[in-house]
Amino acid sequence: MEQTLQQIKTDRTKSRYLRAFKAAFPYTIPVLTGFAALGIAYGLLMASNGYGVLWAFLMSAIGFGGSVQYAMVPLLTTVFDPLQAFLLSFMINARHLFYGISMLGKYKGLGKKRFFLIFALCDETFSVVSSVEPPEDVEKGLFYFFITFLDYFYWSAATVAGALIGGMITFDTTGLDFVLTALFVVLFMEQMKKKENRSYGMIGIAGAVIAAMIFGSENMVIPSMIIIMAVLLFMGKSKKTQKEDA
């Protein structure tokens, strides 16, 4: 009897996980196509600079920074400067602070899963998770977990594939690091197709331009994020005040 109950419990757990996986997977397909190109390009770049499969895998599995991983390749080939590496990483990934704050509500009460969800949160995962809700018969925590895990897996696997390919062939890799910029442009254009997102897109462009004019293109990331956040907070307070007055 006890064994039967245990088997039923195991089957129910498997069923929960399978439903969540099936519900999450379709939302990650666009990310898969993007990460396949970007990850392979990164793996090729690592291989062309003398770093093998293990290094590419560890950088993706532990660092998991996308754009910052590309930026770190030149630093790996020169004398290591910890302060420069820290500042560069912080500036490039400062936007994740804002992502994290906005996800506090969705990730609340998810138990131990939230530690991995926080660690593996990236631009593409944020874009998906912030805009979709799980089906009624799917557990919220598992739904978000599988979206995050699949995106994480796609990136790590693609970088390993790129490093393997790069170890077998040799060619000029000039321009490979531009693929990340191209992806951001495509994601931005996709978001701008929705009318409700256009005002926010314009705020982002204006904030970036102002920060670049004041602080220069090399130091604009953090100031631009502060400007954008300040404007959005002001807009939020203004809308709240208008509702209260109405």
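This write-up is about the structure you can find in this document.

Criteria and thresholds
Residues numbered from 1 in each chain as written. Predicted model: local features only at pLDDT ≥ 70, side-chain atom pairs only at ≥ 80, totals over all residues. Heavy atoms only, no water. 1 Å grid on protein atoms, 1.4 Å probe; cavity = no way out; pocket = protein on both sides within 12 Å on 5 of 7 lines; lining within 4 Å. Points joined across faces, edges and corners; volume = space filled by probe spheres on them. Helix = DSSP H or I, 4+ residues; strand = E, 2+ residues; numbered from the N terminus. Core = buried A, V, L, I, M, F, W, Y, C linked by side-chain atoms within 4.5 Å. Buried < 20%, exposed > 50% of the residue type's maximum accessible area, 1.4 Å probe, protein only. Contact = heavy atoms within 4.5 Å. Patch = residues over 30% accessible without salt bridge, like charges linked within 9 Å, V, L, I, M, F, W, Y side chains within 5 Å. Areas by Shrake-Rupley, 256 points an atom, 1.4 Å probe, with all protein chains shown as cover. Salt bridge = Lys/Arg side-chain N within 4 Å of Asp/Glu carboxyl O.

A look at the layout of surface pockets
What the second largest pocket holds in volume is close to 430 Å³. Lining of the second largest pocket is provided by 21 residues; of these, G63, G65, V68, S89 and N93 occupy positions nearest its centre. Breaking the lining of the second largest pocket down by element, the ones donating at least two residues are α2 (53–63), α3 (67–76), α4 (82–93) and α5 (95–102). Ranked by the residues each element gives to the lining of the second largest pocket, the list is headed by α3, at five residues.

Describing the nonpolar core
Core analysis: the largest hydrophobic core is formed by 45 residues, its most contacted members being Y107 and F143. Apart from the residues within four sequence positions on either side, F143 is in contact with A20, A23, A24, Y27, V132, E133, P134, P135 and V138.

Quick word on a nonpolar patch on the surface
Side chains of V185, F188, M189, M202, I205, V209, I210, M213, I214 and F215 sit close together on the surface and give an oily, nonpolar patch of about 980 Å² of accessible area. Mapped onto the nonpolar patch, the elements with two or more residues apiece are α10 (178–192) and α11 (195–215). Among the elements that make up the nonpolar patch, the one with the highest residue count is α11 (seven residues). Summarising the element assignment, I214 is placed in helix α11.

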